[in-house]
Amino acid sequence: MSWYLYRLGRWAFRHRKSVLVAWLAVLLLAGTGAATLSGKTSDNFSMPGLESVQAFDLMKERNPQAAADGATARIVFKAPEGSKVTDPEFAGVITDTVSSMAADKGVVNAVDPFQAKQVSPDETMAYTTVTYESQAIDLSEAQVSALEEAPEAGRDAGMTVEVGGDALTQIPETGSSEIIGVVVALIVLIITFGSLIAAGMPLLTALIGVGIGVAGITTLTGFMSLGSTTPILATMLGLAVGIDYALFIVSRYRHEVMVGRDPEEASGRAVGTAGSAVVFAGLTVVIALVGLSVVNISILTEMGLAAAATVAIAVLIALTLLPALFGFSKRRIIKGKIPGLRQHDPEADDHSGKPAMGQRWAGLVTRRKAVVAVLGVAVALVASIPVLSLEESLPDDGTASVGTTQRKAYDLIAEGFGAGSNGPLLVVVDTAKADDPEAAVAETTKAVEGIDTDVAAVVPGQPMPDTDLATITVVPKSGPADQETQDLVGEIRDAVQDVKGETGADVLVSGQTAVSVDVSEKLADALPIYLTLVVGLAFVLLILVFRSILVPLSAVLGFLLTIGMALGATVAVFQWGWLADVFGVDTPGPIISILPLLMVGILFGLAMDYQVFLVSRMREDYVHSKDAQRAVVNGFSHSARVVTAAAIIMISVFGSFIISDEAMIKPIGFGLAFGILADAFLVRMTLIPAFMAIAGRSAWWLPAWLDKIIPDLDIEGDALAKRLGERTESEPVGAQAP
């Protein structure tokens, strides 16, 4: 494969104008599509087979006008100090507001709080629930504006009025986060290369790739429903891997130019060697992201496929646009020196007489390999301890940023009506096959009322006309995200399981809290399957890459330590509240349900990136020298500086999203940043070299029968060098080009 990539690198170098124009045309086309064809995003997702979802589907099927899955809003009114909402001057305003909302086009129902008894015991608060025909994504601008303006009359009267619910869902904005990540990446690149031209290339190509990817995703929103976090995740990954992949190839090109290669030849060799590693690293990331579709959750599938497409674009740009830019810059890539910074060739041998930092670190790790391995694993295991108390939930208004009207409405309801009023449970009784429908509803109500754990109130069965359905509302004492409420869902299901056998009626437990519980359980069940699939495929791929059994095994086991540390740190900060003020965590609580799976998929792919980049250089040295210990030290020292820069860039890009106020974006950014920190510096640059030193030549062992049947992918470029009539080890790698 390295030969074909070598030819591609030279071809793109020679046809640089055509390649550049082609990519700019793709960017323009994608941007035009995004500007003219885009639609709205939606965070609703499908998950077939869940009891809570089946209940909503049943209500929608039997009574479409009820809009069981329509957007909802809660308008909360609080009277001034010393007054009550039942006072005539306030009650009239509340009634008028409710009537105005009920008359709005597309509103199915707006509940009068005085008739529905949605007034707090001390009569200082009241709230109305507004139900729409359409889901939040389909609400018109006029409907959203009417909802946003609804509190004004109450506020003018002196009341505190806030609005919550999914009807006010807003698209997250992260522009400042991306800028911070790009600025930090530029600084790291400048320090790494000491040249503005070399530093600018990875940034330029990454931004073009992200632009194409995100514009393409935005265009697709006009034809299909995509989540609001999908383009954000694609931006995160596109920037991170786009810069990193380009960094490795630029570093190799500069090295080839510095040792005196012709620029076109250097371009071919850079793409043929570092490009091979980029292809397999990118393929591993794509496998991990596409594998998210096996979970069969629409939002995860969308996020995985969109991010995988953006990563694939980053790989293609690194293999084609980057060598085209080499054609424009030629030898100028080693010029453009910045005052105060020394030009670096990160991949060259150090002939200064003093070992480089990477070489000293590798020497220390290989000399104290047993101690390093034991201490490293111990640190990883201790950091993973918080995972044992992991709790999961879906985001709601309680996770919204402090200061938003959604969060204020949530807190007011909890204050005036109890925390459980923010997440009531809905027990749906299907009496279509019951011999005595009334008896079935009564029996179900009795079973639910018999539960005395964490139940604040039970609203007896309310029949839905002409549907053969009845609903029983259960208000928990605890909040929607509390473990007690989640346990209550299971208790209710246990309590009503005998109703069908006794009466013939089906009983389903639903409500947003029940949906959250069901989603979390399904994701937990899917995680081992997903992990087995992705790790298995990647293990096979790594056997092909390294022609070894123990190296892929160490890569996989190292990843398990990485994901343990990443999830452990996320639990400690976002669930336990450690350093909550530092990271801007307003209210510690359960981790978002999709986060563990998402982190596993993304971190696995990125962890294998560093494994490929580091160990491929070790294998390259081992193929030439057959000295396993030397290969670890030399391979590490040649790649450590570039891998360190790549890791810092990726940590900066992901870490910059921590400043986001979005409940889903902030923990994703933190978890990925910490995961890369742990994986790059503890696992890949400490434990893996120690393991390689312990294993010695055995690290490269491959059964003879397997060696005969698997193809030689030659990502080290040894076969390429032989085909070109020379060995890479004979190159004067320390020489400087004039």
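Refer to the structure above for everything that follows.
A quick note: this is a predicted structure, and the numbers were derived from the prediction, not measured. (Residues numbered from 1 in each chain as written. Predicted model: local features only at pLDDT ≥ 70, side-chain atom pairs only at ≥ 80, totals over all residues. Heavy atoms only, no water.)

A. Inspection of the overall build of the protein chain at higher detail. Summing up its helical and strand segments, the protein chain has 25 helices and 10 strands in all. Since a compact globule built from 738 residues should have a radius of gyration of about 27 Å, the 30 Å found for the protein chain is in line with a globular shape. For the C-alpha atoms alone, the extent of the protein chain along its principal axes is close to 90 × 50 × 45 Å. Counting over 738 residues, the protein chain shows a buried share of 57%. Put simply, of all contacts in the protein chain between residues at least 6 apart along the chain, 81% involve residues at least 24 apart. Total accessible area on the protein chain is roughly 29700 Å²; 60% of this is exposed by carbon and sulfur atoms. With 50 positive and 78 negative side-chain charges, the protein chain shows a separation of 21 Å between the mean positions of the two kinds. (Helix = DSSP H or I, 4+ residues; strand = E, 2+ residues; numbered from the N terminus. Rg over C-alpha atoms; globule rule 2.2 N^0.38 Å. Buried < 20%, exposed > 50% of the residue type's maximum accessible area, 1.4 Å probe, protein only. Contact = heavy atoms within 4.5 Å. Areas by Shrake-Rupley, 256 points an atom, 1.4 Å probe, with all protein chains shown as cover. Lys, Arg positive; Asp, Glu negative; His and termini not counted. Charge placed at Lys NZ, Arg CZ, Asp CG, Glu CD.)

B. Inspection of the packing of helix H8 (residues 196–220) against helix H9 (residues 230–258) at higher detail. At their nearest, the axes of H8 and H9 sit 8 Å apart, and the two run at 150 degrees to each other. If you check the angle between H8 and H9, you find them roughly antiparallel. The handedness of the crossing between H8 and H9 comes out as right-handed. In this structure, H8 uses Ala198, Met201, Pro202, Leu203, Thr205, Ala206, Leu207, Val210, Val214 and Ile217 to contact H9, whose residues at the interface are Thr230, Pro231, Ala234, Thr235, Gly238, Leu239, Gly242, Ile243, Ala246, Leu247, Val250 and Arg254. Within the contact of H8 with H9, the residues separate by chemical class into 16 nonpolar, five polar and one charged. (Axes fitted to C-alpha atoms, helices over the stretch in contact; angles between N-to-C directions. Parallel < 35°, antiparallel > 145°, perpendicular 65-115°, else oblique. Left-handed = near helix turned anticlockwise from the far one by under 90°. Nonpolar A, V, L, I, M, F, W, Y, C, P; charged D, E, K, R; others polar.)

C. Up close: the sheet that holds strand S3 (residues 125–132). Ordered by their spatial adjacency, four strands build an open sheet running S2-S3-S1-S4, and the pairing between neighbours is antiparallel. At either end of the open sheet lies a strand with only one pairing partner, and these are strand S2 (107–110) and strand S4 (160–164). On average, adjacent strands in this sheet sit at an angle of 15 degrees to one another, irrespective of strand direction. For S2 and S3, the ladder comprises three bridges, and the chain directions are antiparallel. Residue Ala110 lies in a different strand from S3, and its bridge partner there is Val130. With respect to the sheet, helix H4 (residues 88–102) is in contact with strand S1 (72–78), S2 and S3, its orientation differing from that of S2 by roughly 160 degrees. Strands in contact with helix H14 (residues 405–417) are S1, S3 and S4; relative to S4, the strand with the most contacts, it is inclined by about 110 degrees. (Pairing = 2+ DSSP bridges.)

D. Spatial organisation of the nonpolar core. Core analysis: the largest hydrophobic core is formed by 166 residues, its most contacted members being Tyr245, Ile249 and Phe654. If you tally residues by element for this core, the top one is helix H21 (residues 595–625), at 18 residues. If we ignore the near neighbours within four places in the chain, the residues touching Ile249 are Ala270, Val271, Ala274, Gly275, Val278, Ala318, Leu319, Leu322 and Phe326. In this structure, Ala73, Tyr132, Ala167 and Leu168 belong to the second largest nonpolar core, which totals 25 residues. (Core = buried A, V, L, I, M, F, W, Y, C linked by side-chain atoms within 4.5 Å.)

E. Quick peek at the packing of aromatic side chains. In this structure the tally under the stated criterion is 11 aromatic pairs. Measuring from centroid to centroid gives 5.5 Å for Phe574 and Phe670, while their planes differ by 65 degrees, and the two rings are edge-to-face. Residue Phe574 is located in helix H19 (residues 550–575), and its partner Phe670 is located in helix H23 (residues 665–695); the two are separated by 96 residues in the primary sequence. The same class applies to Phe574 as to Phe670, namely buried. Members of the aromatic cluster, connected to one another through ring pairs, are Phe574, Phe583, Phe670 and Phe674. Here the basic side chain of Arg16 rests over the ring of Phe13, its NZ or CZ set 5.6 Å away from the ring centre. (Phe/Tyr/Trp six-rings, centres within 6.5 Å; stacked < 30°, edge-to-face > 60°. Lys NZ or Arg CZ within 6 Å of the ring centre and 35° of its normal.)

F. Region of interest: the pairing of S4. For S4, the tally of buried residues reaches four of five residues, placing the bulk of the element in the interior. As paired elements, S1 and S4 share five bridges and run antiparallel to each other. Its bridge partner being in S4, Ile75 is matched across the sheet by Val163.

G. Molecular detail of the side chain of Lys666. Relative to the helices and strands, Lys666 is located in helix H23. A distance of 3.3 Å separates the side chain of Lys666 from the backbone oxygen of Phe583, its partner in a polar contact. There is a polar contact of 2.7 Å between the side chain of Lys666 and the backbone oxygen of Ile658. Here Lys666 is in contact with Phe574, Phe583, Gly584, Phe657, Ile658, Ile659 and Ser660, once residues within four sequence places are set aside. (Polar contact = N/O pair within 3.5 Å; in protein donor to acceptor, adjacent residues only side chain to side chain.)

H. Here's a closer look at the pairing of strand S8 (residues 469–476). With seven of eight residues buried, S8 lies mostly within the body of the structure. Inspection of the sheet shows strand S6 (residues 425–430) paired to S8 by six bridges, in the antiparallel sense. Its bridge partner lying in S8, Val427 is registered against Ile472. Sheet analysis places strand S7 (residues 455–464) next to S8, joined by seven bridges and oriented antiparallel. The partner of Gln462 across the bridge, within S8, is Thr471. Counting the residues that bridge the hairpin from S7 to S8 gives four residues, and of these Asp466 lies at a positive phi of roughly 60 degrees.

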